[in-house]
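Residues per chain are reported as follows:
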Amino acid sequence: MKEQIYTIPVNEAYDTDCECPLCELQKKLELETLDYTLGAAMMEPDFRENSNKTGFCRHHFSMLFDMPNKLPLALVLDTHLEEIRAQLNILKKGASKLSNEKSGLFKKSSTSDFSASLSKNLSETDKGCIICDKINHTMERYADVLLYMWNKDDNFRTKFDNSKGVCLNHMLLLTNMAEKSLSKSQAAEFLLSLYNKQLNELERIQNDIHKFTLKFDYRNKDMDWGTAQDAPIRTIEKISGFIKNNAE
Ligand SMILES: [Zn+2]
Ligand SMILES: [Zn+2]
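A short tour of the structure in this document, coming up. Residues take numbers from 1 onward in each chain, read along the sequence in its written order. Working convention: letters from A go to chains and numbers from 1 go to ligands, in the order in which they are written. Only residues with pLDDT of 70 or above have their local features reported here, since the model is predicted, and side-chain atom pairs are shown and tallied only from 80 upward, although totals for entire chains, interfaces and linings are computed over all residues. Heavy atoms throughout the structure, all of them, feed into the side-chain values; hydrogens and water do not.

1. With respect to the coordination of the zinc ion (ligand 2)
- Only N, O and S atoms count as donors, using a 2.8 Å limit from the metal and a wider 3.2 Å limit for Na, K and Ca, and since water is excluded some coordination spheres may look unfilled. The protein atoms that coordinate the zinc ion (ligand 2) are Cys57 (SG), His60 (ND1), Cys129 (SG) and Cys132 (SG), at distances of 2.0 to 2.3 Å.
- One way to put it: the four donor atoms around the zinc ion (ligand 2) meet at angles of 102 to 116°, and that makes the site tetrahedral.
- Sequence positions of the residues that donate to the zinc ion (ligand 2) give the spacing C-x2-H-x68-C-x2-C.
- Assessed through its relative accessible area of 3%, Cys129 is described here as buried.
- Think of it in three bands: residues with accessible area under 20% of the maximum for their type are buried, residues over 50% are exposed, and the middle band is partly exposed, with areas taken using a 1.4 Å probe on protein chains only. Residue classification places Cys132 among the partly exposed residues on the basis of a relative accessible area of 26%. The geometry test gives tetrahedral to four donors whose angles all lie between 85 and 135 degrees, gives square planar to four donors and octahedral to six donors whose opposite members are over 155 degrees apart with all other angles between 65 and 115, and gives irregular to the rest.

Okay, structure coming up:
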């Protein structure tokens, strides 16, 4: 039996009427992870060491900045910036060679060496996010549990079949997890069902977004909106996952 801390939320997410139950789970998880980052994690040396090194993506920086308490954020930023500066300091030796280059003393280009190291250094700083890492790790657990329940629990399979599918991000996650979590034949059955379901759901969304565009033609001004009224946000969320975290 899979741990209930995962099965219950996955089941509950599939009780919500939404474009992607996994996005619903991720919204809650994101808020919990942000709270943890500026709360309990402040006292955890391992997490602090990791966040100093890895840092945060722009999206999560923005969410951290919107949180009310600025002191823990400032403490995290203080030590993270210290680490960024320490990493840049490593390149001092290479930088000092640039002045020789200027006077044309060396044939071999220390400029391209330095520029390559600096570029690598800056992309490393830019690329990581400890909040994304933590969320991705737990989302894999949720996906594993979802696949387990799809395989073992008929009630859940019915919920899955009656759902509106998932966003393309989480379709990718389920696709990548299927063979890890299921036997070969089960994975084949799941992937076929996911693929067919998604094609139907994307066609439904396409009909809505197309209807939305038609509504702007004055000849259609009396046309019934049907389910098309909020089509732009649902189309975006179907393609890229949620863009606004409105979880409570
Ligand atoms: Zn999603
Ligand atoms: Zn992030």
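Now, onward.
2. What about the side chain of Asn52?
- As for its position among the elements, Asn52 is in helix 3 (residues 45-54).
- Polar contact criterion, stated in full: a pair of N or O atoms within 3.5 Å, where within protein one must be able to donate a hydrogen and the other to accept it, and residues adjacent in sequence count only if both atoms are side-chain atoms. Here Thr79 takes part through its side chain, which lies 2.7 Å from a polar atom of the side chain of Asn52.
- When residues no more than four places from it in sequence are discounted, the contact partners of Asn52 are Val76, Thr79, His80 and Glu83. Strands here are runs of E lasting at least two residues and helices are runs of H or I lasting at least four, both read from the DSSP assignment and numbered beginning at the N terminus. The contact criterion used is simple: two residues touch if any of their non-hydrogen atoms lie within 4.5 Å.

3. Quick word on the layout of surface pockets
- The calculated volume of the largest pocket comes to roughly 380 Å³.
- Surrounding the largest pocket, 19 residues form its lining, Gln26, Ile135, Asn136, Asn169 and His170 being those nearest its centre.
- Sorting the residues of the lining of the largest pocket by element identifies helix 2 (21-37), helix 4 (58-65), helix 8 (130-152) and helix 10 (168-181) as the ones contributing at least two each.
- Each residue belonging to the lining of the largest pocket can be placed in one class, and the counts come to eight nonpolar, nine polar and two charged.
- Of the grid points, spaced at 1 Å and generated over the protein atoms alone, those admitting a 1.4 Å probe that cannot get out make up cavities, while open sets with protein on both sides within 12 Å along at least five of seven lines make up pockets; any residue with an atom within 4 Å of a point is treated as lining. Grid points are joined across faces, edges and corners, and a volume is the space filled by probe spheres set on the points. Here the second largest pocket is characterised by a volume of approximately 270 Å³.
- Contributing elements (two or more residues each) for the lining of the second largest pocket: helix 1 (4-13), helix 2 and helix 8.
- For the lining of the second largest pocket, the element with the most residues is helix 2, which contributes seven residues. Here the term charged refers only to Asp, Glu, Lys and Arg, the term nonpolar to Ala, Val, Leu, Ile, Met, Phe, Trp, Tyr, Cys and Pro, and the term polar to all other amino acids, Gly among them.

4. A closer look at the coordination of the zinc ion (ligand 1)
- Within the first shell, the zinc ion (ligand 1) binds the protein through Cys20 (SG), Cys23 (SG), Cys167 (SG) and His170 (ND1), at distances of 2.0 to 2.3 Å.
- Between the four donor atoms coordinating the zinc ion (ligand 1), the angles at the centre fall across 101 to 116°, so the site counts as tetrahedral.
- For the zinc ion (ligand 1), the donor residues sit on a single chain with the sequence spacing C-x2-C-x143-C-x2-H. With a gap of 147 residues between them, Cys23 in helix 2 and His170 in helix 10 connect regions that are remote in the sequence.
- Judged by its relative accessible area of 4%, Cys23 is buried.

5. Some points on a nonpolar patch on the surface
- Candidates for patches are residues over 30% relative accessible area with no salt bridge; among them, like charges are joined within 9 Å and nonpolar side chains (Val, Leu, Ile, Met, Phe, Trp, Tyr) within 5 Å. Areas reported here follow the Shrake-Rupley algorithm with a probe of radius 1.4 Å; residue values treat only the protein chains shown as occluding. A pairing counts as a salt bridge when a side-chain nitrogen of Lys or Arg comes within 4 Å of a carboxyl oxygen of Asp or Glu. A contiguous nonpolar patch, built from Ile233, Ile236 and Ile243 and spanning about 230 Å² of accessible area, is present on the exposed surface.
- Along the chain, Ile236 turns up in helix 12 (residues 231-240).
- Taking the relative accessible area as the measure of exposure, Ile236 reaches 40% and is therefore partly exposed.

Honestly, that's just the spatial picture; any functional story needs more than this.
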